[in-house]
Amino acid sequence: MLTSEDLQKIEAAVQQVEAQTGGEIVPVLAKQSSFYEITLWRVSALFAGVAGIILTILFVTTSLLLFMPPYLWLLIVLVAGLLGMTIAVSSWPFKRWFLSKELMRSRALDQAKNMFYDHNVHLTEPRTGILIYVSFFEHQAVILADVGISELVADDRWAEIVQQLTLGLKQNQTTESICEAITACGKLLDESGVHQPTDDDNLLSDEVRINE
């Protein structure tokens, strides 16, 4: 998804924010938040249905299919369905076309909540962990802050950062947008009084987590 140089830039942005504030930033990048099996069935049914309609029209209007064995009809319809399923798996834009934005947003949020606990963002002693979750297939981003920060920062402030980050993902400015989001989180922490304590330790690794 990103080059090693891109990952280093993101990790550097995390280190800079953590050196200036009391937050612990955890970036998690995912190819997709769900496989969306329902899309495969939708596309398969569409292709199979179109193939069936075309065969029926040809049968009624011409004599080309008059002597075709019935099992060949069924085989053509099945192959068309498999073709549609294959295209849906291999083409992200095509697959997204059959999904609602609400469903993709919901799946990304659910997966972000799982990642919040899977990567121990909740285990910092001052409860100042922040998860920045990016899912490339959905072009969705989610920011989740632990209670030590969420009590001080209004939800709409995070929404502003997420909106800019999501826009950057759609414009293929992935690395820059993630780094800017991390920096924006740092500014928000500083404005909210989440300053670096004198005995601050790096409680969570600065590396970018990749969720395949």
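Preceding this section is the structure that the text describes.
In this report, we go over the structure that sits alongside the text. (Residues numbered from 1 in each chain as written. Predicted model: local features only at pLDDT ≥ 70, side-chain atom pairs only at ≥ 80, totals over all residues. Heavy atoms only, no water.)

Describing the nonpolar core
By size, the foremost hydrophobic cluster in this structure holds 28 residues, and its most contacted members are I25, I130, I132, I143, W158, L165 and I182. Counting only elements with at least two residues in this core, the list comes to α1 (4–20), β1 (24–30), β2 (129–135), β3 (140–145), α7 (155–170) and α8 (174–191). Here this core takes seven residues from α8, the largest share from any one element. Excluding residues within four positions of it along the chain, L165 makes contact with I132, V134, A141, S177, I178 and A181. (Core = buried A, V, L, I, M, F, W, Y, C linked by side-chain atoms within 4.5 Å. Buried < 20%, exposed > 50% of the residue type's maximum accessible area, 1.4 Å probe, protein only. Helix = DSSP H or I, 4+ residues; strand = E, 2+ residues; numbered from the N terminus. Contact = heavy atoms within 4.5 Å.)

Comments concerning unusual backbone geometry
Unusually for a residue other than glycine, N120 sits at a positive phi of about 60°. One can find N120 in the loop between α5 (101–118) and β2.

Points about the pairing of β2
Counting buried positions over the seven residues of β2 gives seven, a clear majority of the element. What you see with β2 is no split at all: G129, L131, Y133 and S135 on one side and I130, I132 and V134 on the other are buried throughout. Relative to β2, β1 is paired through seven bridges, and the arrangement is parallel. Bridge pairing in β2 links L29 to V134. (Pairing = 2+ DSSP bridges.)

Things to note about the pattern of salt bridges
Scanning all chains against the criterion turns up two salt bridges. Put simply, D146 and R127 hold a salt bridge, and the shortest N to O gap is 2.7 Å. With D146 in the loop between β3 and α6 (147–150) and R127 in the loop between α5 and β2, this pair connects stretches of sequence that are 19 residues apart. The exposure class assigned to D146 is buried, which follows from its relative accessible area of 3%. Notably, a salt bridge pairs R157 with E191, separated by 3.1 Å at the nearest N-O pair. Of this pair, R157 sits in helix α7 while E191 sits in helix α8, and the two are 34 residues apart along the sequence. What makes E191 exposed here is its relative accessible area of 57%. (Salt bridge = Lys/Arg side-chain N within 4 Å of Asp/Glu carboxyl O.)

Structural notes on α8
End to end, α8 covers 26 Å across 18 residues, agreeing with the expected 26 Å (1.5 Å per residue, within 8%). Of the surrounding secondary structure, the elements contacted by the buried residues of α8 are α1, β1, β2, β3, α6 and α7. Downstream of α8 by one or two residues, G193 has phi in the positive range, about 85°. (Expected span 1.5 Å × (residues − 1).)

Here's the deal with the pairing of β1
Among the seven residues of β1, seven are classified as buried, and the element is accordingly described as predominantly covered. The alternating pattern of β1 places E24, V26, V28 and A30 on one face and I25, P27 and L29 on the opposite face, and all of these are buried. Here β1 runs beside strand β4 (residues 209–211); their pairing, made up of three bridges, is parallel. By the bridge assignment for β4, A30 is matched with N211.

Side note on the packing of aromatic side chains
Within the structure shown, the criterion is met by seven aromatic pairs. With centroids separated by 6.3 Å and ring planes inclined at 85°, the aromatic side chains of F47 and F94 adopt a geometry described as edge-to-face. Of this pair, F47 sits in helix α2 (residues 37–61) while F94 sits in helix α4 (residues 92–96); the two residues are 47 residues apart in sequence, bridging distant segments of the chain. Looking at F47, the relative accessible area reads 23%, which means it is partly exposed. What makes F94 partly exposed here is its relative accessible area of 23%. Geometrically, the ring pair formed by F59 and W73 is edge-to-face, given 5.5 Å between the ring centres and 75° between the ring planes. (Phe/Tyr/Trp six-rings, centres within 6.5 Å; stacked < 30°, edge-to-face > 60°.)

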